[in-house]
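Remarks on the overall topology
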Amino acid sequence: MPRSKQSRPDRRSVGARRDALALLGLDEAAAESQFDEPRAKRERVEQGREVRARVPRSSFGEWQPAAERPDPISILEAQAAERVADLIPIRHGRMLASPFAFFRGAAAVMAWDLGAEPDTGLRVQTCGDAHLANFGAYAAPDRKLVFDLNDFDETLPAPFEWDLKRLVASLELAARDNGFGTKERTAIIATATDSYQGAIGLLAELRFLDAWYARIDVDRVLAAIEEYGTTEGVEATKLAVQKALRKTSLGALKKLTVNEGGQLRIRETPPLIVRFDEEHHPAAREIIERAIADYTLTLQPDRAELLSRYRMVDFARKVVGVGSVGTEAFIALMMGDREDDPLFLQLKEAKESV
């Protein structure tokens, strides 16, 4: 059967769709169907229209603090009460660096505000903290660099728009910190939301398998920036890619370890990296080893087999990020059967999502 006629999209949505196809490495055929528009898609579109009637987009256009809104500082103090006391000054010091840094550490504050607003009720497994700095490049299982979210400490089922709101708010603050004017900031946010809409619209048209395996390879990001970006943007992106390529366990071995009496040990840089005195904390090593063993049980069999070939030789507490500071976080140095075969694992305390 021929495809049913569709309303003609505007030029901006066409551009967003084209960019999404390019970044995901897909062609138009992947989203096209030889048949009528799938019933499931029609049902989702109708559901979206019903939600829009109940919660119009204009209701998201302005924000006013709720009458019962708690003092943001009280929210942060409540978090501090459940964290490692001697690390709290580091957390607050990092948050004081800039408005964007404060925003990074104040996910609980924004979560309260979002919870007090109207929402679509369209729940997904959100990141929970989808700000700009929680996106980055890292190696996929096939060792190719991909660009994606890289922090899921706050993941929880929630209305889909909460992630989008946190992202665009972070873009505004980061742009302010970097001296961008009002028009530039508006353009940045409009481009981000158009791109989000285009990508979501495209993914909704894909077959389940195509959507499941869709990803953004860094080489495609670089190609897009080379085509549309400035010279400075291209050079900055190339430097970021080179830095990501150097972030390997072997590279970390030189930076994070020291040889003590023929034994590799994690280098201490108090208060950011501190090794435990096992004489005074005899159970610490057992706890870390048990945590790694529990983690291994969650892996696919082939990856569990790979990890089983490494042994833990040292571990240390390591302060990471901004919002995570004060929670227990460790790095473990694992070694294979030769001196140039390290594997670093990070272990972080799991807290209830904000």
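Okay, so let's go over this structure. (Residues numbered from 1 in each chain as written. Predicted model: local features only at pLDDT ≥ 70, side-chain atom pairs only at ≥ 80, totals over all residues. Heavy atoms only, no water.)

1. Points about the packing of aromatic side chains
- Taken as a whole, this structure holds three aromatic pairs when the rule is applied.
- Taking 5.6 Å as the distance between ring centres and 45° as the angle between the ring planes, the aromatic pair formed by Phe276 and Phe330 counts as tilted. Within this pair, whereas Phe276 is found in the loop between strand 7 (273-274) and helix 14 (284-297), its partner Phe330 is found in strand 9 (residues 329-335), the two being separated by 54 residues in sequence.
- For Phe276, a relative accessible area of 25% gives the class partly exposed.
- Each member of the aromatic cluster is reached from another via a ring pair, and the members are Phe276, Phe315 and Phe330.
- The positively charged end of Arg166 is found above the aromatic ring belonging to Phe103, 4.1 Å away from the centroid. (Phe/Tyr/Trp six-rings, centres within 6.5 Å; stacked < 30°, edge-to-face > 60°. Helix = DSSP H or I, 4+ residues; strand = E, 2+ residues; numbered from the N terminus. Buried < 20%, exposed > 50% of the residue type's maximum accessible area, 1.4 Å probe, protein only. Lys NZ or Arg CZ within 6 Å of the ring centre and 35° of its normal.)

2. Points about the nonpolar core
- Core analysis: the largest hydrophobic core is formed by twelve residues, namely Ala284, Ile288, Ile292, Leu307, Tyr310, Met312, Phe315, Phe330, Ala332, Met334, Leu345 and Leu347.
- Mapped by element, the contributors of at least two residues to this core are helix 14, strand 8 (311-318), strand 9 and strand 10 (342-348).
- The residues touching Tyr310, leaving out its near neighbours within four places in the chain, are Met334, Met335, Gly336, Asp341, Pro342 and Leu343.
- Listed in part, the eleven residues of the second largest apolar core include Ala252, Ile273, Ile331 and Phe344. (Core = buried A, V, L, I, M, F, W, Y, C linked by side-chain atoms within 4.5 Å. Contact = heavy atoms within 4.5 Å.)

3. Looking at the sheet that holds strand 7
- The strand order across the open sheet formed by four strands is 7-8-9-10, and the pairing between neighbours is antiparallel. What marks the edges here is a single partner per strand, and that holds for strand 7 and strand 10. (Pairing = 2+ DSSP bridges.)

4. A word on the pattern of salt bridges
- For the structure shown, the criterion picks out 22 salt bridges.
- Linking Arg215 and Asp142 is a salt bridge whose minimum nitrogen-to-oxygen distance equals 2.7 Å. Of this pair, Arg215 sits in the loop between helix 10 (208-213) and helix 11 (218-228) while Asp142 sits in the loop between strand 2 (135-139) and strand 3 (145-149), and the two are 73 residues apart along the sequence.
- Residue class for Asp142 comes out partly exposed when judged on its relative accessible area of 43%.
- Here Arg285 makes a salt bridge to Glu289, at a shortest N to O gap of 3.9 Å. Taken together, the positions of Arg285 and Glu289, both in helix 14 and four residues apart, correspond to about one turn of that helix. (Salt bridge = Lys/Arg side-chain N within 4 Å of Asp/Glu carboxyl O.)

5. A closer look at a positive patch on the surface
- On the surface, Lys243, Arg246, Lys247 and Lys255 cluster together to form a positively charged patch.
- Following the sequence through the fold, Lys255 ends up in helix 13 (residues 249-256).
- The exposed category is assigned to Lys255, whose relative accessible area is 65%. (Patch = residues over 30% accessible without salt bridge, like charges linked within 9 Å, V, L, I, M, F, W, Y side chains within 5 Å. Areas by Shrake-Rupley, 256 points an atom, 1.4 Å probe, with all protein chains shown as cover. Lys, Arg positive; Asp, Glu negative; His and termini not counted. Charge placed at Lys NZ, Arg CZ, Asp CG, Glu CD.)

6. Brief notes about the packing of helix 8 (residues 161-177) against helix 9 (residues 182-205)
- Between helix 8 and helix 9, whose axes approach to 9 Å, the crossing angle comes to 155°. On the basis of the axis angle, helix 8 is roughly antiparallel to helix 9. For the crossing formed where helix 8 meets helix 9, the hand is right-handed. For the pair helix 8 and helix 9, the contacting residues are Leu164, Val168, Leu171, Glu172, Ala175 and Arg176 in the first and Arg185, Ile188, Ile189, Ala192, Thr193 and Tyr196 in the second. (Axes fitted to C-alpha atoms, helices over the stretch in contact; angles between N-to-C directions. Parallel < 35°, antiparallel > 145°, perpendicular 65-115°, else oblique. Left-handed = near helix turned anticlockwise from the far one by under 90°.)

7. Some remarks on helix 12 (residues 231-246)
- End to end, helix 12 covers 23 Å across 16 residues, agreeing with the expected 22 Å (1.5 Å per residue, within 8%).
- Those residues of helix 12 lying buried are Val234, Thr237, Val241 and Ala244. Viewed end-on, helix 12 has its buried residues packed into an arc of 90°, placing them on one side of the element. In helix 12, the exposed positions that point more than 90 degrees away from the buried face belong to Thr231, Glu232, Leu239, Lys243 and Arg246.
- On its buried face, helix 12 is in contact with strand 2, strand 3 and helix 11. (Expected span 1.5 Å × (residues − 1). Arc of directions from axis to C-beta.)

8. Focus: the pairing of strand 5 (residues 257-260)
- Relative to strand 6 (residues 263-266), strand 5 runs antiparallel, the two being bridged by four bridges. Looking at strand 6, one finds that Glu260 is bridged to Gln263.

9. Details of the environment of Phe330
- For Phe330, a relative accessible area of 13% corresponds to the buried category.
- Separated by 55 residues in sequence, Phe330 and Arg275 have C-alpha atoms that sit 9.4 Å apart.
- Filtering out sequence-adjacent residues up to four positions away, Phe330 remains in contact with Phe276, Ile288, Phe315, Ala316, Arg317, Lys318, Leu345, Gln346 and Leu347.

10. Some details on the pairing of strand 9
- Of all seven residues in strand 9, seven are buried; the element is thus mostly enclosed.
- Because side chains alternate across strand 9, one face comprises the buried residues Ala329, Ile331, Leu333 and Met335, and the other comprises Phe330, Ala332 and Met334, equally buried.
- Of the pairings in the sheet, the one linking strand 8 to strand 9 comprises six bridges and is antiparallel in character. Its bridge partner being in strand 9, Arg311 is matched across the sheet by Met335.
- Sheet topology note: the strand 9/strand 10 ladder contains seven bridges and is antiparallel. Pairing of Leu333 across the sheet is with Phe344, part of strand 10.
- With antiparallel pairing between neighbouring strands as the criterion, strand 9 and strand 10 make up a hairpin whose turn holds six residues.

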